[in-house]
Amino acid sequence: MKLLISPAARAIGIEAAMALIRGANISNKSNPLEKRKKEAIPALQAIDLETNPVLAAYRELHRQAGLNEVVPPAQHLIALAKANGRLPNINTVVDCYNLVSAQTGLAIGAHDTAFIKGNVAFKITDGSERYTPLGASEPLPVTSGEYACLDDEKILCRMDIKQCQETRITKDTAHFIIYVQGNRQTDFDYVLQGLNQVCQLLHEICGGTSETILPSDSD
């Protein structure tokens, strides 16, 4: 499996790195991870959402796509930490990458490889792509001019906003990819550091092995 980034996606500042995770033990909750999440709250509450350059660059990507009202995922997580003093609990994989996303500001996603067809690519949409959002039962229309993470047959994640239903992570997931996607304010070293950070946390909490996949240019 390759990670591809189109020239048009690179032109708006999209950079990414990915890892293939095998043999992880996924559960609903981990007490050691809950402790790590709790310990991270004070630092998250100190982040200035308006002036943070990484979050501002995601908001600019949304603005360029006509989505001014959309909040970057990391910003949403930090806002929850500020308001409620906690981060959400989904499962141990999602909770691991949500924690690292909040700490770094980076957009992070994970997808079950059993339901991925071909390679993973970041491209600009033309409106013909198939996309079934997480929680939906039918595909929804796609707007042209947005960036997306796709496999060979469908959108895996619309921009950094919402992942698809088909490749969601569950306790039955055997292998999955996890990717970190940056913007104009995050050089590749920062993106790769974020990937290494989330992989290390996944190993500590869920076990398994990881194989890093670096990006290539697509047509």
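Check the entry above for the structure.
Residues numbered from 1 in each chain as written. Predicted model: local features only at pLDDT ≥ 70, side-chain atom pairs only at ≥ 80, totals over all residues. Heavy atoms only, no water.

## A few points about the environment of A56
Alright, step 1. With respect to the element layout, A56 can be found in helix α3 (residues 53–64).
Alright, step 2. Sequence separation between A56 and Y97 is 41 residues; the distance between their C-alpha atoms is 20 Å. (Helix = DSSP H or I, 4+ residues; strand = E, 2+ residues; numbered from the N terminus.)

## Focus: unusual backbone geometry
Alright, step 1. Within the chain, M159 stands out as a residue other than glycine whose phi angle is a positive 50 degrees.
Alright, step 2. By the element assignment, M159 lies in the loop between β6 (155–158) and β7 (162–163).
Alright, step 3. On the accessibility criterion, M159 (1% relative accessible area) is buried. (Buried < 20%, exposed > 50% of the residue type's maximum accessible area, 1.4 Å probe, protein only.)

## Notes on the packing of aromatic side chains
Alright, step 1. Applying the stated rule across the entire model yields 1 aromatic pair.
Alright, step 2. With centroids separated by 5.3 Å and ring planes inclined at 90 degrees, the aromatic side chains of F122 and Y179 adopt a geometry described as edge-to-face. Of this pair, F122 sits in strand β4 (residues 120–124) while Y179 sits in strand β8 (residues 175–182); the two residues are 57 residues apart in sequence, bridging distant segments of the chain. In this structure, F122 and Y179 share a single accessibility class: buried. (Phe/Tyr/Trp six-rings, centres within 6.5 Å; stacked < 30°, edge-to-face > 60°.)

## Concerning the nonpolar core
Alright, step 1. Residues V93, F122, F176, I178 and L202 are the most contacted members of the largest nonpolar core, which totals 69 residues.
Alright, step 2. Per-element tally for this core: the top contributor is helix α6 (residues 188–206), with 8 residues.
Alright, step 3. Excluding residues that lie within four positions of it along the chain, V93 makes contacts with I26, A110, I169, F176, L202 and C206. (Core = buried A, V, L, I, M, F, W, Y, C linked by side-chain atoms within 4.5 Å. Contact = heavy atoms within 4.5 Å.)

## A look at the sheet that holds strand β1 (residues 3–5)
Alright, step 1. The strand order across the open sheet built from 6 strands is β7-β6-β5-β4-β1-β10, with neighbouring strands paired in mixed fashion. Whereas interior strands pair on both sides, the edge strands pair on one side only; in this sheet they are β7 and β10 (215–217).
Alright, step 2. Direction of pairing for β6 relative to β7: antiparallel, over a ladder of 2 bridges. In the sheet register, C157 faces β7, and the bridge partner there is Q163. (Pairing = 2+ DSSP bridges.)

## Here's the deal with helix α4 (residues 73–84)
Alright, step 1. Relative to the 16 Å expected for 12 residues at 1.5 Å per residue, α4 spans 16 Å between its end C-alpha atoms, a close match to the ideal helical length.
Alright, step 2. Structurally, α4 contributes buried residues whose contacts are with α2 (31–45), α3 and α5 (92–104).
Alright, step 3. Positioned one or two residues after α4, G85 has a phi angle of 70 degrees, which is positive. (Expected span 1.5 Å × (residues − 1).)

## Some details on α2
Alright, step 1. With 15 residues, α2 should reach 21 Å at 1.5 Å per residue; the first-to-last C-alpha distance of 22 Å fits that figure.
Alright, step 2. At E39, α2 shows its maximal bend, which comes to roughly 30 degrees, and the proline P42 appears one to four places after that position.
Alright, step 3. Taken together, the buried positions of α2 are L33, K37, A40, I41 and L44. (Bend = angle between axes of the 7 residues up to and from the residue.)

## Re the sheet that holds strand β2 (residues 15–22)
The strands making up a sheet associate through backbone hydrogen bonding, with each pair oriented either parallel or antiparallel.
Alright, step 1. If you trace the 4 strands from one edge of the open sheet to the other, you get β3-β8-β2-β9, paired in antiparallel fashion. Strand pairing shows two members of the sheet lacking a second neighbour, β3 (107–112) and β9 (209–213), which therefore form its edges. The average angle at which neighbouring strand axes cross in this sheet is 20 degrees, direction not considered. (Axes fitted to C-alpha atoms, helices over the stretch in contact; angles between N-to-C directions.)

## Points about the pattern of salt bridges
Should the charged atoms of two oppositely charged side chains come close, the side chains can pair.
Alright, step 1. Tallied over the full model, the rule gives 12 salt bridges.
Alright, step 2. Residue E34 pairs with K37 through a salt bridge whose shortest N-O separation is 2.9 Å. Of this pair, E34 and K37 both sit in helix α2, 3 residues apart, roughly one helical turn.
Alright, step 3. What makes E34 partly exposed here is its relative accessible area of 23%.
Alright, step 4. Between K154 and D151 there is a salt bridge whose closest N-O contact spans 2.6 Å.
Alright, step 5. Under the relative-accessibility criterion, K154 is labelled buried at 3%. (Salt bridge = Lys/Arg side-chain N within 4 Å of Asp/Glu carboxyl O.)

## So, the side chain of H111
Alright, step 1. Inspection of the secondary structure puts H111 in strand β3.
Alright, step 2. The class for H111 is buried, based on a relative accessible area of 0%.
Alright, step 3. In terms of polar contacts, H111 uses its side chain to reach the side chain of T167, at 2.7 Å. (Polar contact = N/O pair within 3.5 Å; in protein donor to acceptor, adjacent residues only side chain to side chain.)

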